[in-house]
Structure formats: C-alpha cells, structure tokens
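# Coordinate inspection notes
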Amino acid sequence: MSVPGVTNQTNQGTDTASSTTFSPADRLGKQEFLMLLTAQLRNQDPLRPMEDTEFIAQLAQLNSLEQMQQMNETLSTLVEMSVLAQTASLIGRHVTALDPSGGGVIKGVVSDVTIHEGTPVLNVGGTAVPLAHVVSIGIDPSATASGGAA
C-alpha cells in the first residue's frame, strides 16, 4: 500500500545508515503520526480491515508520545528554573571571572542574574559574565571589612 505524501528515501547501493544524523525537524511528531494513521485507515483493504488491536496499539503510542512531549516541556522548565534559583544565590557575592571579551580577569560583586538563550549571565560591575566563565566565588571583601568594624 502506498501512502500519499510520503516518499521512499532508501539508500540505493550505499550504506550510510550509520553516518546519518537526524535533527529534531526530521523526526515524526504528533501531527505526522495522525496523518499516517488517517492515511492508513483511508487506504486499507476493505476485505481485510485493520484489526482493532492494531488500532488501539497505535492510539496508545500516540498517547505515549503526547505524554512524553508534555513531560519534556515540564522538565525543561524545571531545569531552567532550578538553574536560575541556584544562580540567583550568587547575588551579593564577590566573584572572579575570565573576561568573555578580552581574556583578562573581572572581579566584583554580582548585582543581578539573567538567563540569555538558556545560559545564566551574571552582572558583575556592569559587565555581563556567563556563569561558565566564573573561576571563584566568595564573600564581598568590603562587606566583611565593614561588618567586622561594628
């Protein structure tokens, strides 16, 4: 049976299956799964209809796919919030970091934290420093000097 809208992309004479990589756009999603299921039902042999067990199994696969997508979205959000919460604990701390633009060293107190393209970025004395460039974290030396004088 041929399914409309689907092309056969087999390797003819070459074995490149092991080197083929797929991007997320190449994978079948929920919409494509429903289209294939609809085409399968529309083009089935009337004398040999699809058994209900096959149909139920395919619907179960679709349900599993939807649940996994929802779980993936929830986990991604949870991870991003966890990273933000952990990075926010650096506000008010003294950090030493490698300068992302010049290769020097930046020292200062973290005044705020943002997330840029999924990466935590610290504001250290007006300079944006990715968290990955931080080499040490400590207590603000000026806070301990004034705190000890009291």
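Scroll up to find the structure.
Residues numbered from 1 in each chain as written. Predicted model: local features only at pLDDT ≥ 70, side-chain atom pairs only at ≥ 80, totals over all residues. Heavy atoms only, no water.

## A few points about the overall build of the chain
Heads up, the rule is: Each helix corresponds to a stretch of at least 4 residues labelled H or I by DSSP, and each strand to a stretch of at least 2 residues labelled E; elements are numbered beginning at the N terminus. Burial classification: accessible surface area is computed with a 1.4 Å probe over protein chains only, and a residue below 20% of its type maximum counts as buried, one above 50% as exposed, and the rest as partly exposed. Contact between two residues is taken to exist if any of their heavy atoms lie within 4.5 Å; hydrogens are not considered. All accessibility values rest on the Shrake-Rupley procedure with a 1.4 Å probe; residue burial counts only the protein chains present in the view.
Across its full length, the chain carries 3 helices and 5 strands. Classification of the 150 residues of the chain by burial places 15% in the buried group. Here the analysis covers contacts within the chain between residues at least 6 apart in sequence; of these, 46% occur between residues at least 24 apart. Within the structure as shown, the chain displays about 11200 Å² of accessible surface, and the carbon and sulfur contribution to it stands at 56%.

## Some thoughts on the nonpolar core
As a reminder of what qualifies: Nonpolar cores are built from buried Ala, Val, Leu, Ile, Met, Phe, Trp, Tyr and Cys residues. Side-chain atoms within 4.5 Å join them into one set.
Among the nonpolar cores identified, the biggest contains 10 residues, and these are Leu90, Val95, Ala97, Ile106, Val110, Val113, Leu122, Val124, Val129 and Val134. Of all the secondary structure elements, the ones that give two or more residues to this core are strand S1 (93-98), strand S2 (105-116) and strand S3 (119-124). Considering each element in turn, this core owes the most residues, 3 residues, to S2.

## A word on the environment of glutamine 86
Tracing the backbone shows glutamine 86 in helix H2 (residues 52-88). Taking relative accessible area as the criterion, glutamine 86 reaches 55% and is therefore assigned exposed. Counting along the chain gives 34 residues from glutamine 86 to proline 120, while the straight-line C-alpha distance between them is 9.8 Å.

## Some details on the pairing of S1
Note the threshold: Think of it this way: DSSP has to see at least two bridges between two strands before they count as a pair.
As paired strands, S1 and strand S5 (residues 134-139) are joined by 5 bridges and run antiparallel to one another. By the bridge assignment, arginine 93 is partnered in S5 with isoleucine 139. Here 5 bridges tie S1 to S2, and the two strands are oriented antiparallel to one another. By the bridge assignment for S2, histidine 94 is matched with valine 109. What sits between S1 and S2 in their antiparallel hairpin is a turn of 6 residues, with glycine 103 showing a positive phi close to 85°.

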